[in-house]
Structure formats: structure tokens, C-alpha cells
Amino acid sequence: MTDERIQKLESIGFQWSLSFVGLMHGDEDLEISWGARFHALEAYKDKHGHCNVPSTSGKLGTWVRTQRYQHRLFKEGKSSFTTKERVQELESIGFQ
């Protein structure tokens, strides 16, 4: 899917993950879920030497694709669901 299509969907309120809904409302369980996916990404990197999880690799692949998109928005100064702390965590393990 192109970035343009993603932006169009998001402009009409499309939600990619229930975790975004929860994070906007401070849902602590979903914060834990982010941490669990981050640890899965760390394990993937330990095994494969990089953070480039194919988007077709199940839930982790989908999560990484979403994080990469949100990371890019954040870096461009656009509206993003990610936080400075999460960007720093991801970058600390070589995420781009």
C-alpha cells in the first residue's frame, strides 16, 4: 500500500490497530503490548542481525510496518501516535 493511500485512509479516521485507540485513552494494557512487541523485535534482531522484519511475518511484521510509518511521521514533524521515548527505544536497537 502506498503512503498516499495510508494517509487518505487515516484522514477519514481509519484505525490500523486497536492499540492506537487505547493509547489515545491511556490504556495501560496496550502500553504493555507495545513493550511485548518491542521485545519480540529485539529477539528478531538478535537472531537476524537487523530490524527489517518482512511485513508478511505475522503480527510482528505488521507491528514493525506500523512503527516504521509512525516513526517516519514523527521524524517529519507530522501527527503521529508514537512518542519521543518510543522513537529513542526503537533507534537504540538500530530501527530505521
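Everything below is about the structure shown above.
Values in this document were obtained by computation on a predicted structure and should not be read as measured data.

Looking now at the packing of helix H1 (residues 3-11) against helix H4 (residues 58-75). Contact pair H1 / H4: the axes reach a minimum separation of 13 Å and the direction vectors enclose 85°. Overall, the two elements H1 and H4 adopt an arrangement that is roughly perpendicular. Within the contact between the two elements, H1 uses Asp3, Ile6, Gln7 and Glu10 and H4 uses Tyr69, Gln70, Arg72 and Leu73. Considered class by class, the residues forming the contact of H1 with H4 number 3 nonpolar, 2 polar and 3 charged.

Residue position: Asp46 is located in helix H3 (residues 28-48). The class of Asp46 is exposed, set by a relative accessible area of 69%. Along the primary structure Asp46 and Ile93 are separated by 47 residues, whereas in three dimensions their C-alpha atoms are 9.8 Å apart.

All right, on to the nonpolar core then. Listed in full, the 12 residues of the largest apolar core are Trp34, Phe38, Leu41, Tyr44, Cys51, Val53, Leu60, Trp63, Val64, Leu90, Ile93 and Phe95. Residue assignment for this core shows that the elements contributing at least two residues are H3 and H4. The dominant element in this core, judged by the number of residues it contributes, is H3, at 4 residues. Leu60 has contacts with Arg37, Ala40, Leu41, Tyr44 and Val53, leaving out every residue within four places of it along the chain.

What follows concerns the pattern of salt bridges. For the structure on display, the rule yields 3 salt bridges. Of the charged contacts in the structure, one is a salt bridge between Lys75 and Glu91, with a shortest N-O distance of 3.0 Å. Placement of Lys75 in helix H4 and of Glu91 in helix H5 (residues 84-92) is noted, with a sequence separation of 16 residues between them. Owing to a relative accessible area of 34%, Glu91 belongs among the partly exposed residues under this scheme. Between Glu76 and Lys78 there is a salt bridge; the shortest N-O distance is 3.2 Å. A relative accessible area of 43% means that Lys78 is categorised as partly exposed.

Glancing now at the packing of aromatic side chains. Counted under the stated rule, the structure contains 2 aromatic pairs. Ring geometry for Trp34 versus Phe38: centroids 5.5 Å apart, planes at 10°, classification stacked. Taken together, the residues Trp34 and Phe38, both in helix H3 and 4 residues apart, mark about one turn of the helix. Per residue, the accessibility class of Trp34 equals that of Phe38, and both read buried. Put simply, the rings of Trp34, Phe38 and Trp63 touch in pairs and so form one group of aromatic residues.

What counts and what doesn't
Residues numbered from 1 in each chain as written. Predicted model: local features only at pLDDT ≥ 70, side-chain atom pairs only at ≥ 80, totals over all residues. Heavy atoms only, no water. Axes fitted to C-alpha atoms, helices over the stretch in contact; angles between N-to-C directions. Helix = DSSP H or I, 4+ residues; strand = E, 2+ residues; numbered from the N terminus. Parallel < 35°, antiparallel > 145°, perpendicular 65-115°, else oblique. Contact = heavy atoms within 4.5 Å. Nonpolar A, V, L, I, M, F, W, Y, C, P; charged D, E, K, R; others polar. Buried < 20%, exposed > 50% of the residue type's maximum accessible area, 1.4 Å probe, protein only. Core = buried A, V, L, I, M, F, W, Y, C linked by side-chain atoms within 4.5 Å. Salt bridge = Lys/Arg side-chain N within 4 Å of Asp/Glu carboxyl O. Phe/Tyr/Trp six-rings, centres within 6.5 Å; stacked < 30°, edge-to-face > 60°.

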